[in-house]
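Tertiary structure, described
Listed here are the chains, written in short residue letters.
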Amino acid sequence: MAVGADRSPDAAGSPLADRLNYLFTTMHPPGAPYTNAHVAEAISGGDEYGETTLTEQYLSMLRNGKRTNPSPDVLRALAKFFAVPVGYLLGDLSPSQAERVEEEVRFLVAMRDKRVRSIALRAVGLPPEVQDSLTTIISQFRQQMNLPPEPPESSEPAGPDGANGAGGTDGSGGPDSGATHGRQ
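Analysis parameters
Residues numbered from 1 in each chain as written. Predicted model: local features only at pLDDT ≥ 70, side-chain atom pairs only at ≥ 80, totals over all residues. Heavy atoms only, no water. Core = buried A, V, L, I, M, F, W, Y, C linked by side-chain atoms within 4.5 Å. Buried < 20%, exposed > 50% of the residue type's maximum accessible area, 1.4 Å probe, protein only. Helix = DSSP H or I, 4+ residues; strand = E, 2+ residues; numbered from the N terminus. Contact = heavy atoms within 4.5 Å. Phe/Tyr/Trp six-rings, centres within 6.5 Å; stacked < 30°, edge-to-face > 60°. Lys NZ or Arg CZ within 6 Å of the ring centre and 35° of its normal.

Moving on to the nonpolar core. Grouped together as the largest cluster of nonpolar side chains are 30 residues, with contacts concentrated most on Leu23, Val39, Leu78, Phe82, Tyr88 and Leu89. Of all elements in the fold, only helix H1 (15–26), helix H2 (36–45), helix H3 (56–63), helix H4 (72–82), helix H5 (86–90) and helix H6 (95–110) reach the threshold of two or more residues within this core. Of all the elements, H4 adds the most residues to this core, at seven residues. Excluding anything up to four places from it in sequence, Leu78 contacts Leu20, Val39, Ile43, Leu54, Leu59, Leu62 and Leu89.

This is how it looks when you write it as structure tokens:
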């Protein structure tokens, strides 16, 4: 998994803590990651999360692995906030499914950058062989600039827009699901 930098020693072995920290680190509006207080307030005050109440302190314990078994309502609310399947937070997805969710998260983060989004949208509708040529050209530019062949897993784009979230393999979430989470 792509998590690691924000993982506390207490979180070792906790898939929930790892995945929450990955989402906090990766899925946020441009500028700064969400705080525990912001997420707890958004979930506790949002009609879209039902009657779920979440405190900053409890969320902190989930993120540092001191609490590992939240209620189904809390898990659903966190999954909805970050627009990922609940199974991702539980660690119930297969490794390939979990990687797919993280791949979608990285894609949405990259799409925050207006220039990246513009390049991607301009390629829409072009024949596959032209898209392949563009991919080759971009790879050559990356090589000439001594960049890795693929972008890093969690880069911070310089775009003015926030991402909507990542879709899951079970059909929950996704950029078209309307999950805007009251993000700032």
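Turning our eyes to something else, we now look at the packing of aromatic side chains. Both the distance between ring centres and the angle between the ring planes are used here to describe each pair of aromatic rings. If you walk through the whole model with that rule in mind, you get four aromatic pairs. Residues Tyr34 and Phe81 carry aromatic rings whose centres are separated by 5.0 Å and whose planes lie at 70 degrees to one another, so their mutual orientation is edge-to-face. Here Phe81 lies in helix H4 and Tyr34 lies in the loop between H1 and H2, a separation of 47 residues in the sequence. Here the two residues Tyr34 and Phe81 agree in accessibility, since each one is buried. Ring centres of Tyr34 and Phe82 lie 6.3 Å apart, and the angle between their planes is 70 degrees; this geometry places the pair in the edge-to-face category. Here Tyr34, found in the loop between H1 and H2, pairs with Phe82, found in helix H4; they are 48 residues apart in sequence, far enough to count as distant. For Phe82, a relative accessible area of 0% gives the class buried. An aromatic cluster of three or more residues is present, and its members are Phe24, Tyr34, Phe81 and Phe82. Lying across the ring of Tyr88, Arg19 places its NZ or CZ 5.1 Å from the centre. Note that Arg63 overlies the ring of Phe24, its terminal NZ or CZ placed 3.8 Å from the centroid.

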